[in-house]
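Each chain, letter by letter, is given below.
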Amino acid sequence: MTQLDELCHRHGVMVRYHGLDGTPHEVPDETKRVVLRAMGVAADDDAAISLSLEHAPHRGETRMEAPQGTHCHLPHWLQHSRAWGISVQVYSLRSRRNWGMGDFADLAAFATIAAEAGADFVGTNPLHAPFLATPERRSPFSPSNRRFFNPLYIAPDAVPGFSRDLADEARLAELRQTELVDYQAVTETKLAALRRIWPVWQDLADMPEPYGQAAFAQFCADGGEPLRLHALFEAISADQVKSGGAPGWRDWPEDLHDPKGQGARIFAAENEDEIAFQCWLQWLASVQLEEASDAAKAAGLRIGLYLDIAVGEAPDGSASWSDPGLAMRGLEIGAPPDYFAVDGQNWGLAALSPSALVERSMQPFTDMLDAAMVSGGAVRIDHAMAIWQLFLLPEGELPSSGTYVRYPIGGMAEALAARSNQHQSIVVGEDLGNVPEGFRELMGAIGMLSYRILYFERHHHGFLPPDAYPELALACLSTHDLPTIQGWWDGNDVELRLSHDLIDQQGAAHQAGERGNERRQLLGALEHAGLLERVGEESEIALTARMVAAIHRYVARTPSKLFVARVEDMTAETEPTNLPGTIDSYPNWKRKLTYAIEDISKHEVFRAVAQGLAEERPKQH
């Protein structure tokens, strides 16, 4: 072993790894040096490596295990029963009162609809804070800061101090009618109204809780320096964009790169009201999310909201600016080459530093969990393998040059379980892709639910039978990155990939042929389960409400503790939420539901699926 490799071993940087197909990959020496440098370890030459080795921790083989007794929360009533819920992209909700995109008031209303249908939870997309100054940076999985929330989900008409003259009703009606969310227009409209409410709210007396000024003051005190710095970031970002600059700190003037530097201090002193306004937006978002959570529980959802936590943050966002030592600068999270992406993937996200997590006793990780678990009766950890390892690559390089970096799994698992039990929040781990051997067993040992998708739960004969699914899991048909059931049945996803040059004609023909086989296999599985009778040749069958209900019942029949239906599948949507591999050529994260929440429960497919799920998983009190 070379000295460089020994130094990598001491710091948990893998010098070789095996891909999804078992192929061994040797990591380039330059990548090793870049990763070590991002961790604060000098490795530029032999002398630096020798000196770094003298101070490096001695580390044996890292074991994939958690401390004895580490176990996430599972409600007592769920230990011997099963439950189901509905997932929504909150922004996609239509209503007759919102401001052009779904908001927390819509989420509360939808939770009531779900409860009346027999569900026990409503899942959401990540609700993390975005770049408010540049609304088109809209991916909820590439947030600016995971500790804070997206102010665009605030319902301005629910804020004390609002009056109808603050809103242009004709403009709001236009924004409600669009097929896609117009983020720029919605942001301008909402922020304009909220800026006018802000001074009015400050002068109000005897406001109803939880909107009182004392509650806001307490929120700011509890939020402390992290909240103030996030608000300062948003204020600087808006000022930079207004003057033709960039929303992210890496493209700001040099004197603004340091949040504690003179430039940031001068800006803060000159913009105290704007910083307070940004804190107020965060408070309103947290208040209204909590109100939605309370409404969900009051309506009868025993789990309540099921919130999503992204795997990382944008490298130029609030999180990496506010706390420079926390993220590994110069590296991005991705995935190695595999069957689905021959060149690998670059997700463009910054990763937390493993050494910083250890030095701070996991506090940054627990702070992020707290933000979601306060209002979430369940949470989904995107790319759950991140508590064991992350695939990191140098910025500007191909994913094939990347490597895995190990994380303090014992401490992270222990922190996750502790917060889960403190907040009584169920933990679901998204365990798709290159799942290390033994990781799913670890998930089971600590009570983290696996994430099982119908489209992927297959063998060479077809779809796995329901009883083959694990008990400690959340089962579903698909996710935001996959086609809706209607789109899958019709093969729309194959056509989309072809039209966006993600596959060639030969690949499209192959995938279309495979889809025909998959449809036949699914029909056969439904017949075998007694959920559907063969009604004709597969190629002649249109997807009916009864068939969609049967497919949902098939997966809901599994022993898995939780099942979640996508609302898009319950309303026969045909277009996907997100088309991986595209940025602006497809309207990712913009599509609204066809039906407003006031009408959604009347939809034939919604009724059929809800009835089927309520029969498969009846509530047991």
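On a predicted model such as this, the values are computed, not experimentally measured, just so you know.

Undergrad: Is there a simple way to explain the side chain of Asn 145 in this structure?
TA: With respect to the helices, strands and loops of the structure, Asn 145 is situated in strand β6 (residues 145–149). Residue class for Asn 145 comes out buried when judged on its relative accessible area of 6%. Engagement of the side chain of Asn 145 in a polar contact is seen with the backbone nitrogen of Arg 147, the distance being 2.9 Å.

Undergrad: Is there a simple way to explain helix α17 (residues 505–528) in this structure?
TA: An ideal rise of 1.5 Å per residue puts 34 Å on 24 residues; α17 measures up with 35 Å between its terminal C-alpha atoms. Listed in full, the buried residues belonging to α17 are Ala 508, Arg 515, Gly 516, Glu 518, Arg 519, Leu 522, Leu 523, Ala 525 and Leu 526. For α17, the elements touching its buried residues are β15 (458–459), β16 (462–463), α15 (485–490), α16 (492–499) and α18 (545–556). Measuring from the backbone nitrogen of Gln 506 back to the side-chain oxygen at the start of α17 gives 3.3 Å, which picks out Asp 504 as the cap. Immediately beyond the C-terminal end of α17, within one or two residues, lies Gly 530, with a positive phi of roughly 75 degrees.

Undergrad: Where do I start with the pattern of salt bridges in this structure?
TA: It is possible for side chains bearing opposite charge to pair when their charged atoms get close. In total, this model carries 40 salt bridges according to the counting rule given. Between Arg 97 and Asp 103 there is a salt bridge whose closest N-O contact spans 2.8 Å. Classification of Arg 97 as partly exposed rests on a relative accessible area of 27%. When the shortest N-O distance is used, the salt bridge between Arg 515 and Glu 518 registers 2.9 Å. Pair noted here: Arg 515 and Glu 518 are both in helix α17, with a separation of 3 residues, about one helical turn. Classification of Arg 515 by relative accessible area gives buried; the value is 8%. Under the relative-accessibility criterion, Glu 518 is labelled buried at 13%. When salt bridges with common partners are traced through the structure, they connect Arg 458, Asp 493, Arg 497, Arg 515 and Glu 518 into a single cluster.

Undergrad: How should the pairing of strand β17 (residues 473–476) be read in this particular structure?
TA: Regular strands place their side chains on alternate faces of the sheet. Neither face of β17 is open: one carries Ala 473 and Ala 475, the other Leu 474 and Cys 476, and all of them are buried. Of the pairings in the sheet, the one linking β17 to strand β18 (residues 562–566) comprises 3 bridges and is parallel in character. Bridge pairing in β18 links Leu 474 to Leu 562.

Undergrad: Whenever I open this one, the sheet that holds strand β9 (residues 345–349) confuses me. Can you help?
TA: Each strand in a sheet pairs with another by means of backbone hydrogen bonds, the pair being arranged parallel or else antiparallel. Here we have 4 strands laid out as an open sheet, ordered β9-β8-β11-β12, and antiparallel in their pairing. Each edge of the open sheet carries a strand with a single partner, namely β9 and β12 (403–406). Shown here is a sheet whose adjacent strand axes are inclined to one another by a mean of 50 degrees, direction ignored. In this structure, strand β11 (residues 389–394) lies alongside β12, joined through 4 bridges in antiparallel fashion. Along β12, the bridge assignment pairs Leu 392 with Thr 403.

Undergrad: I'm lost on the environment of Pro 337 in this one. Help?
TA: Relative to the helices and strands, Pro 337 resides in the loop between β8 (331–335) and β9. By relative accessible area, Pro 337 is classed as buried at 17%. Each C-alpha atom of the pair Pro 337 and Gln 505 lies 22 Å from the other, and the pair is 168 residues apart in sequence.

Undergrad: In this structure, what is going on with the nonpolar core? I would like to understand it.
TA: A general feature of soluble globular proteins is that nonpolar side chains tend to end up buried together. The biggest cluster of nonpolar side chains holds 136 residues, and the ones touching the most others in it are Trp 280 and Leu 562. Top contributing element to this core by residue count: helix α9 (residues 272–299), with 12 residues. Every residue in contact with Trp 280, bar those within four places of it in the chain, is listed here: Val 159, Leu 194, Ile 197, Trp 198, Trp 201 and Phe 216. Of all hydrophobic cores here, the second largest spans 56 residues; its members include Leu 7, Met 39, Val 379 and Val 427.

Undergrad: Would you take a moment to explain the environment of Gly 462 for this structure?
TA: Examined against the element boundaries, Gly 462 turns out to sit in strand β16. It is 30 Å that separates the C-alpha atoms of Gly 462 and Leu 78, two residues lying 384 residues apart in sequence.

Undergrad: What is the right way to look at the packing of helix α1 (residues 3–10) against helix α2 (residues 29–38) in this model?
TA: Helix packing for two helices is described by the angle between their axes and how far apart those axes are. Close contact between α1 and α2 brings their axes to 11 Å; oriented N to C, the two are set at 40 degrees. Taken together, the axis directions place α1 and α2 in an arrangement best described as oblique. The crossing of α1 and α2 is left-handed. On α2, the residues that touch Leu 4, Asp 5, Leu 7 and Cys 8 of α1 are Asp 29, Lys 32, Arg 33 and Leu 36. In the contact of α1 with α2, the residues fall into 4 nonpolar, no polar and 4 charged.

About the cut-offs
- In this convention, every chain numbers its residues from 1, walking through the sequence in written order.
- This being a predicted model, a pLDDT of at least 70 is required before a residue's local features are given, and a value of 80 or more before pairs of side-chain atoms are given or counted; all residues contribute to the totals for chains, interfaces and linings.
- Heavy atoms throughout the structure, all of them, feed into the side-chain values; hydrogens and water do not.
- A helix here means a DSSP run of H or I that spans at least four residues, while a strand means a run of E at least two residues long, and both kinds are numbered starting from the N terminus.
- Buried means the residue's accessible area, taken with a 1.4 Å probe over protein chains only, is under 20% of the maximum for its type, while exposed means over 50%, and partly exposed covers the values in between.
- N or O atoms within 3.5 Å of each other form a polar contact, as long as, within protein, one can give a hydrogen and the other can take it, and as long as residues adjacent in sequence are counted only when both atoms are side-chain atoms.
- Here a helix's expected span is defined as the number of its residues, less one, multiplied by 1.5 Å.
- Contact criterion: two residues are considered in contact whenever any of their non-hydrogen atoms come within 4.5 Å of each other.
- The rule for a salt bridge is simple: a side-chain nitrogen of Lys or Arg has to be within 4 Å of a carboxyl oxygen of Asp or Glu.
- In this description, strands pair whenever DSSP reports at least two bridges between them.
- Axes here mean lines fitted to C-alpha atoms, for a helix over just the part in contact, with angles spanning 0 to 180 degrees between N-to-C directions.
- To define a nonpolar core, start from buried Ala, Val, Leu, Ile, Met, Phe, Trp, Tyr and Cys residues and group those joined through side-chain atoms within 4.5 Å.
- The scheme is simple: roughly parallel for angles under 35 degrees, roughly antiparallel for over 145, roughly perpendicular for 65 to 115, oblique for anything else.
- By convention the crossing between two helices is left-handed if the near helix lies anticlockwise of the far one by an angle smaller than a right angle, and right-handed if it lies clockwise.
- Residues are grouped as follows: Ala, Val, Leu, Ile, Met, Phe, Trp, Tyr, Cys and Pro are nonpolar; Asp, Glu, Lys and Arg are charged; all remaining types, including Gly, are polar.

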